[in-house]
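# Secondary and tertiary structure notes
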Amino acid sequence: MVKIKDIAKKCNTSIATVSKALHNSTELSQETIKRIQQVAKEMGYVPNAYAQALKLKRSFSIGVIFNIPEMGVGLKHEYFSSILNSLKVEAESKGYAITFLSKNPNNNMTYLQLAKFRNMDGVIIVSEDFTNPEIIELVNSSLPCVTIDYIFGTCSAIMSDNNEGTERLVAYAYLKGHRKIAYIHGEQTDVTSRRIASFVKGMRSYGLEVREDYLLAGSYHDPRTSGKLAKSLFSNSDRPTCILFPDDISMLGGITALTQEGYVIPDDVSVIGYDGTELSRIYRPMMTTYVQNSKELGAKAAIELIKQIEDPLSYLCGVFYCQGEIQEGKTVKEI
């Protein structure tokens, strides 16, 4: 294995100078740095990761908690997979590796204990039950943490704009002429609560009635349930002209169920989704949906956590919002 002293001998310089060059020290000229790094590359020098970790007191390892058992789709969930991929790309560009922190039924360690056992520098909580005592223990510990779509106050939070996004969809439907707007929402979570509140706020801002029979509880990423609920909205003559769904997959379930009943989208009813998955763009007619900025969510989470890891004394925790946009498809009719 090539060592720094071997490079120093080859370059006819000191070990200290080689070390500075390999770390791009401003004490050396760019010419010297370039020459030494080129020699190191030609000799096949590979930095000793363990030695670097000891010196910097960091493992360059980030834990990721991702748990959405109620959906049963895991990493296949397009929205979350986009977040996780951008998180991974950003972390790796800064020299950090990510590792999933998964609970083993045969292991009684908490998330915090697991993170410490694996010598994690910090943890990003992408999805979990944020009322879980183990999650609360983790974010209240001294270990740097960042959450996505949940605010604790003790760590930085990266938020999708569920509030503004839902209000913008109500405004979009209203401007298209719709006054009878139904909302099939996901199961009860913090995100769902914010979306419902924003739906109600948006409806009332336009003087529209929020009808109890138009506000239905469904499940995220569950086309069968959303399809049944969509059909139930058409069980009487006083039916909505527009339906908002909790996500694009659920909207597809609604479209399928209504089409099977003989209704035509958007002639008989307009439908709007959420998330802006690739499916929403390739499906025909192209879906109207709210495109969440999933790539920015993941990248920003990695950026903020690494800032906190590398400069803990001056880092200030905050809440950061990533704004999305409406994708105007062909599933909404102007009336």
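How each quantity is defined
Residues numbered from 1 in each chain as written. Predicted model: local features only at pLDDT ≥ 70, side-chain atom pairs only at ≥ 80, totals over all residues. Heavy atoms only, no water. Pairing = 2+ DSSP bridges. Helix = DSSP H or I, 4+ residues; strand = E, 2+ residues; numbered from the N terminus. Axes fitted to C-alpha atoms, helices over the stretch in contact; angles between N-to-C directions. Contact = heavy atoms within 4.5 Å. Expected span 1.5 Å × (residues − 1). Buried < 20%, exposed > 50% of the residue type's maximum accessible area, 1.4 Å probe, protein only. Polar contact = N/O pair within 3.5 Å; in protein donor to acceptor, adjacent residues only side chain to side chain. Salt bridge = Lys/Arg side-chain N within 4 Å of Asp/Glu carboxyl O. Parallel < 35°, antiparallel > 145°, perpendicular 65-115°, else oblique. 1 Å grid on protein atoms, 1.4 Å probe; cavity = no way out; pocket = protein on both sides within 12 Å on 5 of 7 lines; lining within 4 Å. Points joined across faces, edges and corners; volume = space filled by probe spheres on them. Nonpolar A, V, L, I, M, F, W, Y, C, P; charged D, E, K, R; others polar.

Here we come to the sheet that holds strand S5 (residues 156-160). With parallel pairing, the six strands of this open sheet are ordered in space as S2-S1-S3-S4-S5-S11. Each end of this open sheet is capped by a strand with a single partner; those strands are strand S2 (97-100) and strand S11 (319-322). Pairwise comparison of adjacent strand axes, ignoring direction, gives a mean angle of 20° for this sheet. Here S5 runs beside S11; their pairing, made up of four bridges, is parallel. If you follow Met-159 over to S11, its bridge partner there is Tyr-321. Across the sheet, helix H13 (residues 294-310) touches strand S1 (61-66), strand S3 (122-127), strand S4 (145-148), S5 and S11, and the angle it forms with S4 is around 165°.

A few words now on the environment of Val-170. As for its position among the elements, Val-170 is in helix H8 (residues 162-175). Once the C-alpha coordinates of Val-170 and Glu-334 are considered, the two residues, 164 residues apart in sequence, prove to be 14 Å apart. In contact with Val-170, not counting residues within four places along its chain, are Ile-181, Phe-199, Gly-202, Met-203 and Leu-244.

So, about helix H11 (residues 248-260). With 13 residues, H11 ought to run about 18 Å at 1.5 Å a step, and its terminal C-alpha atoms sit 18 Å apart, in line with that. Within H11, the full set of buried residues consists of Asp-248, Ser-250, Met-251, Gly-253, Gly-254, Ile-255, Ala-257 and Leu-258. Against helix H10 (223-232), strand S8 (242-244), strand S9 (270-275), helix H12 (278-282) and strand S10 (289-291) lie the buried residues of H11. With a side-chain oxygen lying 3.1 Å from the backbone nitrogen of Ile-249, the N-terminal cap of H11 falls on Asp-247.

Turning to the pattern of salt bridges, a few remarks are in order. Should their charged atoms come close, side chains of opposite charge can pair. Using the criterion set out here, one finds twelve salt bridges in the structure. Here Asp-213 makes a salt bridge to Arg-211, at a shortest N to O gap of 2.8 Å. Overall, the relative accessible area of 38% leaves Asp-213 in the partly exposed class.

The subject of this paragraph is helix H5 (residues 78-93). Counted at 1.5 Å a residue, the expected span for H5 with its 16 residues is 22 Å, and the 23 Å between its end C-alpha atoms agrees. Residues of H5 that are buried: Tyr-79, Phe-80, Ser-82, Ile-83, Leu-84, Ser-86, Leu-87, Glu-90 and Ala-91. Looking one or two residues beyond H5, the residue adopting positive phi is Gly-95, at roughly 90°.

So, about the packing of helix H1 (residues 4-11) against helix H2 (residues 15-22). One can describe the packing of H1 onto H2 by two numbers: an axis separation of 8 Å at closest approach and a directional angle of 105°. With respect to their mutual orientation, H1 and H2 come out roughly perpendicular. Packed against H1, whose contacting residues are Ile-4, Lys-5, Ile-7 and Ala-8, the element H2 presents Ile-15, Val-18, Ser-19 and Leu-22 at the interface.

On to the environment of Phe-245, then. For Phe-245, the location among the structural elements is in the loop between S8 and H11. A relative accessible area of 2% places Phe-245 in the buried class. With 36 residues separating them in the primary sequence, Phe-245 and Arg-281 have C-alpha atoms 16 Å apart. Apart from the residues lying within four places of it in its own chain, the contact partners of Phe-245 are Tyr-183, Ile-184, Ser-226, Ala-230, Ser-250, Met-251, Gly-254, Val-271, Ile-272, Gly-273 and Tyr-274.

Quick look at empty space enclosed by the protein now. All told, the structure shown has one cavity of 30 Å³ or more when counted by the stated rule. For the largest cavity, the calculated volume is near 30 Å³.

Moving on: the packing of H2 against helix H3 (residues 30-42). At a minimum axis separation of 9 Å, H2 and H3 run at an interaxial angle of 95°. Viewed along their axes, H2 and H3 adopt a mutual orientation that is roughly perpendicular. Only Ile-33, Ile-36, Gln-37 and Ala-40 of H3 make contact with H2, whose side of the interface consists of Thr-17, Val-18, Ala-21 and Leu-22. A class-by-class count of the residues in the contact of H2 with H3 yields six nonpolar, two polar and no charged.

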